[in-house]
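Read off the chains here:
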Amino acid sequence: MDKTIADLRKDYTLEGLSELKVDLNPFIQFKKWFDQALAAQLPEPNAMTIATATPDGKPSARMVLLKDFDERGFVLFTNYNSHKGQELAENPQATLVFWWAELERQVRISGYVEKVTETESDQYFESRPANSRLGAWVSNQSEVVESREVLERRLQDFQSKYENQEIPRPPHWGGLRVIPTGIEFWQGRSSRLHDRLLYSRLDNGTWKIERLSP
């Protein structure tokens, strides 16, 4: 008999998550988990969901790639004219979610969003392969396009335009930094009694750690 969606379940048994063992600094704790995801050779461990909302509260979410992080926050790059770019310009708050299924772990990061510096955007743009840099010019991200052929013709046009030239960064393309006010680490446990530790940023810049019910 075929299983239904309601029948799909897994008992998580790999590890626990203790307040006594996590780092007091959530960025150090995130790096520890991220390094473990890298060591486990997970496919695209930097893949994450970013959820945004319009000023009137209409939410949307999509997968993006983390490109940098430090104690200032978590950085991604995008077309500022895209749906997410416009939503974040009007309502600069977002949530990021990492799901590392093989490690039975999730990280949820909520905070406010700002653009990175022009220098940071330029440095990352220059590190991209040439066709990725051209793609930033070709795609009017999130806008309706007539066909795939239109995109391919635009790519050919820009390839000709910048042949044997440096490809500049489009003014509408750059980085966004999510500056967290809360970071939750989730470790799957047996019987759905998962471990959830929430780091909340206090007014003095330090972090409070609390256990949440699963």
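Cut-offs and rules
Residues numbered from 1 in each chain as written. Predicted model: local features only at pLDDT ≥ 70, side-chain atom pairs only at ≥ 80, totals over all residues. Heavy atoms only, no water. Buried < 20%, exposed > 50% of the residue type's maximum accessible area, 1.4 Å probe, protein only. Helix = DSSP H or I, 4+ residues; strand = E, 2+ residues; numbered from the N terminus. Contact = heavy atoms within 4.5 Å. Expected span 1.5 Å × (residues − 1). Arc of directions from axis to C-beta. Polar contact = N/O pair within 3.5 Å; in protein donor to acceptor, adjacent residues only side chain to side chain. Phe/Tyr/Trp six-rings, centres within 6.5 Å; stacked < 30°, edge-to-face > 60°. Lys NZ or Arg CZ within 6 Å of the ring centre and 35° of its normal. UniProt positions renumbered as here; feature names shortened; annotations may be inferred. 1 Å grid on protein atoms, 1.4 Å probe; cavity = no way out; pocket = protein on both sides within 12 Å on 5 of 7 lines; lining within 4 Å.

1. Digging into helix α4 (residues 130–138)
Listing the buried residues of α4 in full gives Arg133, Leu134, Ala136, Trp137 and Val138. Lining the buried residues of α4 we find α3 (118–127), α5 (148–161) and β7 (173–187).

2. Some details on helix α1 (residues 26–39)
Taking 1.5 Å per residue as the helical rise, α1 with its 14 residues ought to reach 20 Å, and the 20 Å between its terminal C-alpha atoms agrees with that figure. Listed as buried for α1 are Pro26, Phe27, Gln29, Phe30, Trp33, Phe34 and Ala37. Projected onto a plane normal to the axis of α1, the buried residues spread over an arc of 155° and lie on a single side. Capping of α1 at its N-terminal end is provided by Asn25; its side-chain oxygen lies 2.8 Å from the backbone amide nitrogen of Phe27. At the C-terminal side of α1, Gln41 shows a positive phi close to 55°.

3. Examining the packing of aromatic side chains
In the structure shown here, the tally under the stated rule is 22 aromatic pairs. Taking the centre distance of 6.1 Å and the plane angle of 45° together, the rings of Phe30 and Trp100 count as tilted. Remark: Trp100 occurs in strand β5 (residues 93–100) and Phe30 occurs in helix α1; sequence separation between them is 70 residues. Where Phe77 meets Tyr124, the ring centres are 4.1 Å apart and the plane angle is 20°; that geometry is what we call stacked. Residue Phe77 is found in strand β4 (residues 73–79), and its partner Tyr124 is found in helix α3; the two are separated by 47 residues along the sequence. An aromatic cluster is defined as three or more aromatic residues linked by ring pairs; in this entry it consists of Phe27, Phe30, Phe34, Phe69, Phe74, Phe98, Trp100 and Trp207. If you follow Lys115 out to its NZ or CZ, it ends over the ring of Tyr80, 4.1 Å from the centre.

4. Re the UniProt feature "binding site: substrate" (unreviewed entry) in the protein
Listed under "binding site: substrate" (unreviewed entry) in the UniProt record, and renumbered for this structure, are Lys67, Tyr124, Arg128, Ser132, Arg192, Leu193 and His194. Spanning 128 residues, the annotated positions stay apart in the fold, the maximum distance between their C-alpha atoms being 43.4 Å. Residues from the named set that contribute to the lining of the largest pocket are Lys67, Tyr124, Arg128 and Ser132. With respect to the secondary-structure elements, Arg128 resides in the loop between α3 and α4. With residues near it in sequence (within four places) discarded, Arg128 still touches Arg133, Ala136 and Trp173. When you line up the elements, Ser132 lands in helix α4. Its relative accessible area of 29% is what places Ser132 among the partly exposed residues.

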